[in-house]
Amino acid sequence: MKVCIAEKPSVAREIAAIVGATTKKDGYLEGNGYAVTWAFGHLVGLAMPESYGFTGFKAENLPILPKEFILQPRQVKEGKEYKNDPGVMKQLNVIKELFSRADRIIVMTDAGREGELIFRFIYNYLDCKKPFDRLWISSLTDRAIREGLQNLRPGSDYDNLYHSAKARSYADWLVGINSSQSLAITAGRGVWSLGRVQTPTLAIICSRYLENKSFTPQTYFQLKLHTAKEATMFTALSVDKFNDKNAANTSFAAVTDAGMVQVTKVERKEVNQAPPLPYDLTALQKEANNKYGFSADKTLTIAQALYEGKLITYPRTGSRYISTDIMDEIPELIGSLKKYDRFSAYAENMDTKILNIRAVDDNKITDHHAIIITENTPGNLSADERTIYEMVAGRMLEAFSPVCRKETTAVQLQCAGMNFTARGTQILSPGWQKVFGHQDEEKEEDATILPDIAEGDSLSVKGCDVLEKQTKPRPIHTESSLLGAMETAAREVEDEGEREAMKESGIGTPATRAAIIETLFAREYIRREKKLLVPTDKGLAVYEVVKDKKIADVAMTGNWELALSKIASGEMDAFTFHRGIEVYTSQITTELLSAKIETTDNRTGCKCPKCGGQVVFYPKVAKCQNPGCGLMVFRSIAGKDLTDTQLSDLFGKGKTGLVKGFNKKAGGTFDAAVAFDSEYKTVFEFPKNKPGNAGKGKKRK
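Please read all numbers here as calculations on a predicted model, not as lab measurements.

J.: Looking at this model, I keep getting lost on the overall build of the chain. Mind explaining?
T.: In terms of regular secondary structure, the chain is built from 20 helices and 29 strands. Its C-alpha atoms give the chain principal-axis dimensions of about 100 × 75 × 55 Å. Counting all 701 residues of the chain, 50% fall into the buried class. Considering only intrachain contacts with a sequence separation of at least 6, the fraction spanning at least 24 residues in the chain is 70%. Just so you have it, the chain exposes about 33,900 Å², and 47% of that area is on carbon and sulfur atoms. Of note, the chain has its 95 positive side-chain charges centred 9 Å away from the centre of its 90 negative side-chain charges.

What follows is the structure, encoded as structure tokens:
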């Protein structure tokens, strides 16, 4: 029997339909000599420090550097403890049984680094020794799956990819666990986390934010001259900029008095603007954020759904090129868009015998080619799905369309001894720009349609303005600009040697950058203000601690990503990389344990009566920060929110003062103090002088 394992049930069902496994079983589908089962993403991962004998957050335990990493099933929290997820254990048992019966295992997890890791961790955890083959495809269409099944490759061909994935996983564990525990110990309270990619990304956000806020704008002035030839008016800007308004006014008077302006030079060029390349994931996320305000995570989720719906190719790609064999399919794909209303007219008139081949380059493709559509025509899509599908489809049409031909005109003028410039652009042949019918988005702000001007022309001054302008800081990052900064992290590096070394790498990968950004939101390090990514007080506090330390070094992290890609290609040894990460982990642990953290966070706290740890007051709860204690009190009790003062009394004195206005379940209100019992459960304590209430009342459940 051939056993196929997919990354998730939806993909398994598509594959099962192709191979004829139509009989539903518990955890798999069977038939025609195949059994098709699935994971639910990462069923197996790296065990937490407790599995190595390290409990709690203790400086003497750090750094934690396991000699051998332990694999364990995905965990769920029950009370204060983490236990194996019952659903995961059930599926792992199904997979184990199928593997034991298999004559041949076919790996069908996503064709990428994480997909490889998902399978290998399951395979190793189950201690399976059977050989396996790999299905490697970029599309989930029936044709792609059938062709892939006819061209299976030995699983050993992807050993280096697995070594890269495992090295990434180990590095993230070592850096994340040790740096987060170190920072939490240093802070003494609150929930903190750092990470190999997370922290340099936070540093990019915070440094740009602080640079923007500390920027002092400088006022300057420019002259805007109005003139015309025949009936066509146009404007020109002064080359000189004035720091002093009086100087600008003096020049303004001279221009208006002169009355005439001379054309000293005219340069006309015909420019061919090449079409944009097809999307990779980062480019798709950036543009979806710019145009539609989609988060990177939202765009990836939608693209993954379209991929699993067989409408686009594999989205987690870092390439914007296609191979020559895929180019053979492009005319058919363009033809399929004749049935799609948005692009039918353009596709109908597109000459598929003469296509632009700028995007065809076998040498610029690694695991997957650029994102393009499949031959399947969409049915019912949600509005957001249709948006992303049309972005991919439209960009594919643009990429293989003719260039946009323009004529650009640059004019130099002189008036009263001052030089002015004007620029104009005229579209001669729109080419690829007809796909969406837009004008050139890169058109300069002051570009205009110019009349037929010749050198030596003398034109009348029709007016002049003094423009008051201010220098502007680099803008606060949006998700789009942050993705770009992560992708081209070398540009943020000042050292020329380091910048050159990492010019081919960024921080994170196209597949992981969205998750990194979401992690920063989850940790309450950043927040959104419309499209802007703004650090919180907590995020800025972390940045102040780490900004000069190795954990925030963009260059180092970028070079690690480059190293991981070299491991995947067989150019570098994974063990060497791992030892370097261990040395680095020891260094950052020492740095962070000796650091001081200050935050403008106005949450107050007090000493925990149960363990002596630090209690922090949050908007909804008061909680001890000692993970081994976890004493927690909800602010809202019987319809009444306890104040910080009342919480301080509860934790410091064992009970609050009399609180008025608690709600009774049957209606009405009552007055009572809130106190801890012997097990640190909150109970009501009623006034002793009230008849029938001599002491503590009922326990709160």
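J.: Can you walk me through helix H7 (residues 245–258) in this structure?
T.: A turn of α-helix holds 3.6 residues, and therefore any two residues three or four places apart point the same way. Given a rise of 1.5 Å per residue, 14 residues ought to cover 20 Å, and the 20 Å separating the end C-alpha atoms of H7 matches this to within 8%. On its buried face, H7 is in contact with strand E12 (219–229), strand E15 (404–415), strand E16 (418–429) and strand E17 (458–470). Glycine 259 lies just past H7 and shows a positive phi near 80 degrees.

J.: Even after reading the chapter, I still don't get the packing of aromatic side chains, so can you show me in this structure?
T.: Remark: the centre distance and the inter-plane angle together describe each pair of aromatic rings, the angle taken between the planes. A complete count under the given rule lists 21 aromatic pairs for this structure. Taking the centre distance of 4.8 Å and the plane angle of 70 degrees together, the rings of phenylalanine 119 and phenylalanine 132 count as edge-to-face. Taken together, the positions of phenylalanine 119 in helix H3 (residues 113–125) and phenylalanine 132 in strand E10 (residues 132–134) put the pair 13 residues apart, joining distant regions of the chain. Relative accessible area serves as the criterion here: at 0%, phenylalanine 119 is assigned to the buried category. On the accessibility criterion, phenylalanine 132 (12% relative accessible area) is buried.

J.: Just checking my understanding: could you explain the sheet that holds strand E2 (residues 23–25) for this structure?
T.: Two pairing modes exist for strands in a sheet, parallel and antiparallel, and in both the strands are linked by backbone hydrogen bonds. Taking strand neighbours across the sheet as the criterion, the seven strands line up as E2-E3-E4-E1-E9-E10-E11 in an open arrangement whose pairing is mixed. The open sheet is flanked by E2 and strand E11 (153–154), the only strands paired with a single partner. Here strand E9 (residues 104–108) pairs with E10 via three bridges, running parallel. Looking at E10, one finds that valine 107 is bridged to arginine 134. Contacting strand E1 (2–6), strand E3 (28–31), strand E4 (34–38) and E9, helix H2 (residues 86–101) crosses the sheet at an angle of about 150 degrees to E4.

J.: What is the right way to look at unusual backbone geometry in this model?
T.: Glycine aside, a negative phi is what most residues show, and trans is what most peptide bonds show. Omega for the bond connecting leucine 62 with proline 63 falls within 30 degrees of zero, at -5 degrees, which places this linkage in the cis form. Looking at the element boundaries, proline 63 is found in the loop between strand E5 (44–46) and strand E6 (71–73). Even without being glycine, lysine 310 reaches a positive phi, approximately 65 degrees. A residue is classified by how much of its surface remains accessible, and lysine 310, at 13% relative accessible area, is buried.

J.: It is not clear to me how the environment of glutamate 97 should be interpreted in this structure. Could you clarify?
T.: Relative to the helices and strands, glutamate 97 is located in helix H2. Given a relative accessible area of 44%, glutamate 97 falls into the partly exposed group.

J.: Would you mind going over the packing of helix H8 (residues 281–292) against helix H13 (residues 383–399) with me for this structure?
T.: Helix packing geometry: the angle between the two helix axes and the distance between the axes. It is the contact of H8 with H13, at a shortest axis distance of 11 Å, that shows an interaxial angle of 120 degrees. The angle between H8 and H13 places the two elements in the oblique class. Crossing angle aside, the handedness with which H8 passes H13 is right-handed. When H8 is examined against H13, the residues Leu284, Glu287, Ala288 and Tyr292 are found in contact with a partner set consisting of Thr387, Ile388, Met391, Val392 and Arg395.

J.: How should I be thinking about the sheet that holds E17 in this particular structure?
T.: Taking strand neighbours around the barrel as the criterion, the six strands line up as E12-E13-E16-E15-E14-E17 in a closed arrangement whose pairing is antiparallel. On average, each strand axis in the sheet is inclined to that of its neighbour by 35 degrees, with strand direction left out of account. Where H7 meets the sheet, it contacts E12, strand E14 (260–273), E15, E16 and E17, and its direction lies at approximately 165 degrees from that of E17.

J.: Help me understand the environment of serine 569 in this model?
T.: By the element assignment, serine 569 lies in helix H18 (residues 554–569). By relative accessible area, serine 569 is classed as partly exposed at 45%.

J.: Would you explain the nonpolar core in this entry?
T.: Soluble globular proteins tend to pack their nonpolar side chains together in the buried interior. Within the largest apolar cluster, 92 residues are counted, with the highest numbers of intra-cluster contacts made by Phe99, Ile122 and Phe577. Looking at this core, the element that brings in the most residues is helix H5 (residues 159–187), giving 12 residues. Contacts of isoleucine 122, omitting those with residues within four sequence positions, involve Ile5, Ala39, Leu43, Val44, Leu92 and Ile95. Of all hydrophobic cores here, the second largest spans 65 residues; its members include Val36, Tyr279, Phe294 and Ile322.

J.: Help me out: how do you make sense of the side chain of threonine 589 in this one?
T.: Relative to the helices and strands, threonine 589 resides in helix H19 (residues 574–593). Those residues in contact with threonine 589 that lie beyond four places of it in its chain are Leu62, Pro63, Asn178 and Ser182.

J.: I tried to follow the pattern of salt bridges on my own but got confused; where do I start?
T.: When their charged atoms lie close together, side chains carrying opposite charge are able to pair. Enumeration according to the criterion identifies 35 salt bridges in this entry. One salt bridge connects arginine 474 with glutamate 211, and the closest N-O pair in it is separated by 2.9 Å. With arginine 474 in the loop between E17 and helix H14 (479–487) and glutamate 211 in helix H6 (residues 198–214), this pair connects stretches of sequence that are 263 residues apart. You can call glutamate 211 partly exposed: its relative accessible area is 31%.

Reading the values: rules and limits
- Residues numbered from 1 in each chain as written.
- Predicted model: local features only at pLDDT ≥ 70, side-chain atom pairs only at ≥ 80, totals over all residues.
- Heavy atoms only, no water.
- Helix = DSSP H or I, 4+ residues; strand = E, 2+ residues; numbered from the N terminus.
- Buried < 20%, exposed > 50% of the residue type's maximum accessible area, 1.4 Å probe, protein only.
- Contact = heavy atoms within 4.5 Å.
- Areas by Shrake-Rupley, 256 points an atom, 1.4 Å probe, with all protein chains shown as cover.
- Lys, Arg positive; Asp, Glu negative; His and termini not counted.
- Charge placed at Lys NZ, Arg CZ, Asp CG, Glu CD.
- Expected span 1.5 Å × (residues − 1).
- Phe/Tyr/Trp six-rings, centres within 6.5 Å; stacked < 30°, edge-to-face > 60°.
- Pairing = 2+ DSSP bridges.
- Axes fitted to C-alpha atoms, helices over the stretch in contact; angles between N-to-C directions.
- Parallel < 35°, antiparallel > 145°, perpendicular 65-115°, else oblique.
- Left-handed = near helix turned anticlockwise from the far one by under 90°.
- Core = buried A, V, L, I, M, F, W, Y, C linked by side-chain atoms within 4.5 Å.
- Salt bridge = Lys/Arg side-chain N within 4 Å of Asp/Glu carboxyl O.

Honestly, it's all geometry; don't read function into it.
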